[in-house]
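Understanding the architecture of this molecule
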Number of protein chains: 2
Amino acid sequence: MHNIPQLQKIIENAVKETQYPNHPKELYQPIAYLMGLGGKRLRPALLLMATDLFAGDIKKAISPAMAIETFHNFTLMHDDIMDKAPLRRGQPTVHAKWSESVAILAGDVMFVEAFKLMIQVDAHILPKVLSVFNDTAVGVCEGQQIDMNFETASKVTIADYLEMIRLKTAVLLGGALKIGALIGNANIADADKLYDFGLNLGIAFQLQDDILDVYGDPEKFGKQVGGDIISNKKTFLLIKALELADAQTLSELNSYLENHTISPSEKVIAVTAIFNKLNIKTIAEAQMMKYAETSLKALNDIKVKEDRKLILKDFAERLIEREN
Amino acid sequence: MHNIPQLQKIIENAVKETQYPNHPKELYQPIAYLMGLGGKRLRPALLLMATDLFAGDIKKAISPAMAIETFHNFTLMHDDIMDKAPLRRGQPTVHAKWSESVAILAGDVMFVEAFKLMIQVDAHILPKVLSVFNDTAVGVCEGQQIDMNFETASKVTIADYLEMIRLKTAVLLGGALKIGALIGNANIADADKLYDFGLNLGIAFQLQDDILDVYGDPEKFGKQVGGDIISNKKTFLLIKALELADAQTLSELNSYLENHTISPSEKVIAVTAIFNKLNIKTIAEAQMMKYAETSLKALNDIKVKEDRKLILKDFAERLIEREN
């Protein structure tokens, strides 16, 4: 079996060794640029871990893992246009550095590149793998649309929110793991359990993201703490606070959301104080732990020796306990 | 065998019967809208004709044909954003009717829908079919990028132009035919010949488009005659004229291209007169006929009974002789 640094090394090497065509350069330079910006490579690492869990051939999992990473970066390239984001991993986004047209079209080609990598799996699992991949891709797009709808929605419930992050974030973790399991020749029952492990872990991961955005250690977080509060983002924390607040607290919270003259740092302090009063962090952590436990239970139920599961368990725990 | 109206009817029915999910509606309504705007359905019809040519099972070709039509409409949805086009088939484009973000994301989902339809082919031909489809998709994107580059390029040669239309337009006709041939269990040699038929027919088709834009009968053309001239579009006709013009004619032609005060109709009349003086229509028609002949030669070389080829021959001839 491989440990996580070994798997990450395999992916980093695969990224570095990827040669895109030279022409037309407006199409391929942005792809190489975005793929080269780094990131945690969580999703491809999970795919490799899944193949390894079932003692499959890791070599056969590298192209599909790269497919998942390429697909993930394609969604980032298009999401950044829609979100009008100037930066990605601290560097200019593709649409900011080149143009929106370039980011649309380079993203499209990137999606095809992902398919080209994915169809390299053995023919006998190809239909099943592509079915998982397609469902995953549809889910991610639906999640992004629902997330955009939240910006103008007057009311978003916790159930709406959990469904959105399930689609936008979690199905890709589940899909990557299930594809890795299929490459490792897992039976469908075990592959589905590993999907559930990833799906629930993905929801826990996003809830942790929401918590870190407010309660992260500024020295370790790597992004501006309170960014979600500043932009009125409908996270689990804000939705829960709006749900639990009494009339006076609700009016106070809404006044901060609607106040365009308050300084960002004052707004972060004030809204965080309301979250604290309502005990939102504890509630969010409890919700996150519920998903983490469901996730680990699914892993437990998989019929492989317990010692083979240690790396995925360790990975899941580190994802939940991370500080950035 | 089926005649062309029968095949078109099969496709129209398949388009009408397609049910997209209801939620999120911003994602699926634009897809149903664009697919419902009509069009000639050339590409899926070609796929069905190819399966029929080899006496294959047309029923098995319907989903892949819909995949090709869905992919084609996906490229239109994204191209229209890049081209800032307000209208498509006389109706508002998706980005104009909804928003750019919707058009980006609905296009992405449409691309996944195309893959979902395409993987419905029999498992034994799936790897080959997807390889053709992926290569086709990459080609179309590269063609669009090269076409966009032309807008700001100081010099575009006839060779550059032919390469661009090969990618942007012709590979999709070739790809649709080759996939149809594979579904009809054609051998690879014949499938490749049918690809060549489509590729050369596609180039001839685009050259005919360029000719019609200037020389079409306004009553039959359906679009504004001279639109390419008004927008200084680097078509075969303009590139050839710039290449053949003597110094004085060149200077005159350039003065029209750079003149922003002349009325559109005066510009069309003046540039068309220069094209006439240089005999551009005849040259373009000769070039188009060259590709049409290469196309028909490839069809001739395919090892099936001649009477089975009549529909494709007829289709090719009608495409070349069309007036809109």
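Predicted model, so just to flag it, every value in this text is computed and none were measured. (Residues numbered from 1 in each chain as written. Chains lettered and ligands numbered in written order. Predicted model: local features only at pLDDT ≥ 70, side-chain atom pairs only at ≥ 80, totals over all residues.)

With that settled, the discussion passes to the overall build of chain A. A tally of regular secondary structure across chain A gives 16 helices and two strands. A compact globule built from 324 residues would reach a C-alpha radius of gyration of about 20 Å, and chain A, at 20 Å, matches this within 12%. In terms of its C-alpha atoms, chain A occupies a principal-axis envelope of roughly 60 × 50 × 35 Å. Put simply, chain A has 324 residues, and 48% of those count as buried. In chain A, 74% of the contacts between residues at least 6 apart in sequence involve partners at least 24 apart. (Helix = DSSP H or I, 4+ residues; strand = E, 2+ residues; numbered from the N terminus. Rg over C-alpha atoms; globule rule 2.2 N^0.38 Å. Buried ≥ 20, exposed ≤ 12 C-beta atoms within 10 Å, placed from the backbone. Contact = placed C-beta atoms within 7 Å.)

Below, the discussion takes up the interface of chain B and chain A. Opposite the 31 residues of chain B that make contact, chain A presents 31 residues. Going through the elements one at a time, helix 2 (25-35), helix 4 (58-82), helix 6 (100-118) and helix 7 (126-152) of chain B are the ones with two or more residues in the side of chain B that touches chain A. Of the residues forming the side of chain B that touches chain A, the biggest block, 14 residues, is contributed by helix 7 of chain B. Class assignment for the residues of the side of chain B that touches chain A results in 20 nonpolar, seven polar and four charged. (Nonpolar A, V, L, I, M, F, W, Y, C, P; charged D, E, K, R; others polar.)

Looking now at the relation of the copies chain B and chain A. Expressed as a screw operation, the relation of chain B to chain A combines 0.0 Å of axial shift with a rotation of 180°, fitting to an RMSD of 0.0 Å. On the angle and the small slide along the axis, the relation comes out as a two-fold axis. With an isologous cut-off of 70% or more, the 100% of interface residues of chain B that recur at the interface of chain A puts this contact in the isologous class. (Least-squares fit on C-alpha atoms with pLDDT ≥ 70 in both.)

Three- or four-residue spacings in an α-helix give side chains the same orientation, since the helix completes a turn every 3.6 residues. All names here are of chain B. Its 26 residues place the ends of helix 8 (residues 158-183) 36 Å apart at the C-alpha level, agreeing with the 38 Å of an ideal helix rising 1.5 Å per residue. Of all the bends found along helix 8, the most pronounced is centred on Ala 170 and spans about 50°. Across the 26 residues that make up helix 8, a large majority, 21, are buried. (Expected span 1.5 Å × (residues − 1). Bend = angle between axes of the 7 residues up to and from the residue.)

A few words on unusual backbone geometry. The omega angle of the peptide bond from A:His23 to A:Pro24 is -10°, so this bond is cis rather than trans. Mapped onto the secondary structure, A:Pro24 falls in the loop between helix 1 (4-17) and helix 2 (25-35). The phi torsion at B:Asn279 lies on the positive side, around 65°, for a residue other than glycine. B:Asn279 gets classed as partly exposed once you count the C-beta atoms within 10 Å, which come to 13.

What follows is about the environment of B:Arg322. Assignment of secondary structure puts B:Arg322 in the segment after helix 16 (310-321). Linking B:Arg322 and B:Phe205, residues 117 residues apart in sequence, is a C-alpha distance of 9.4 Å.

What follows concerns the packing of helix 9 (residues 188-215) of chain A against helix 15 (residues 280-300) of chain A. Two quantities define a packed helix pair, namely the angle between the helix axes and the distance between the axes. Residue and element names in this part refer to chain A. Between helix 9 and helix 15, the shortest axis-to-axis distance is 8 Å and the interhelical angle comes to 160°. By the criterion of interaxial angle, the relationship of helix 9 to helix 15 is roughly antiparallel. In this structure, the crossing between helix 9 and helix 15 has a hand that is left-handed. Judged by residue contacts, Lys 193, Asp 196, Phe 197, Asn 200, Leu 201, Ile 203, Ala 204, Leu 207, Gln 208, Asp 210, Ile 211 and Tyr 215 of helix 9 engage Lys 281, Ala 284, Glu 285, Gln 287, Met 288, Tyr 291, Ala 292, Thr 294, Ser 295, Ala 298 and Leu 299 from helix 15. (Axes fitted to C-alpha atoms, helices over the stretch in contact; angles between N-to-C directions. Parallel < 35°, antiparallel > 145°, perpendicular 65-115°, else oblique. Left-handed = near helix turned anticlockwise from the far one by under 90°.)

Time to look at the packing of helix 4 (residues 58-82) of chain A against helix 6 (residues 100-118) of chain A. Residues and elements named next belong to chain A. Their axes nearest at 8 Å, the elements helix 4 and helix 6 cross at an angle of 160°. Considering the angle they form, helix 4 stands roughly antiparallel to helix 6. Both helix 4 and helix 6 take part in a crossing whose hand is left-handed. Where helix 4 approaches helix 6, its residues Ser 63, Pro 64, Met 66, Ala 67, Thr 70, Phe 71, Asn 73, Phe 74, Met 77, His 78 and Ile 81 are matched on the opposing element by Glu 100, Ala 103, Ile 104, Ala 106, Gly 107, Met 110, Phe 111, Glu 113, Ala 114, Leu 117 and Met 118. Counted by class, the contact of helix 4 with helix 6 contains 15 nonpolar, five polar and two charged residues.

In this section: the environment of B:Glu17. Considering the arrangement of structural elements, one finds B:Glu17 in helix 1 (residues 4-17). When the C-alpha atoms of B:Glu17 and B:Asp213 are compared, they prove to be 34 Å apart, with 196 residues separating the residues in sequence.

Quick look at the environment of B:Leu105 now. With respect to the helices, strands and loops of the structure, B:Leu105 is situated in helix 6. Take B:Leu105: there are 26 C-beta atoms within 10 Å of it, and that puts it in the buried class. Among residues more than four places away in sequence, those in contact with B:Leu105 are A:Met82, A:Cys141, A:Gln144, A:Gln145 and B:Leu27.

When pLDDT is averaged along chain A, the result is 95; 100% of the residues meet or exceed 70. Scoring the predicted complex yields pTM 0.95 and, for the interface, ipTM 0.94. (pLDDT = per-residue confidence, 0-100.)

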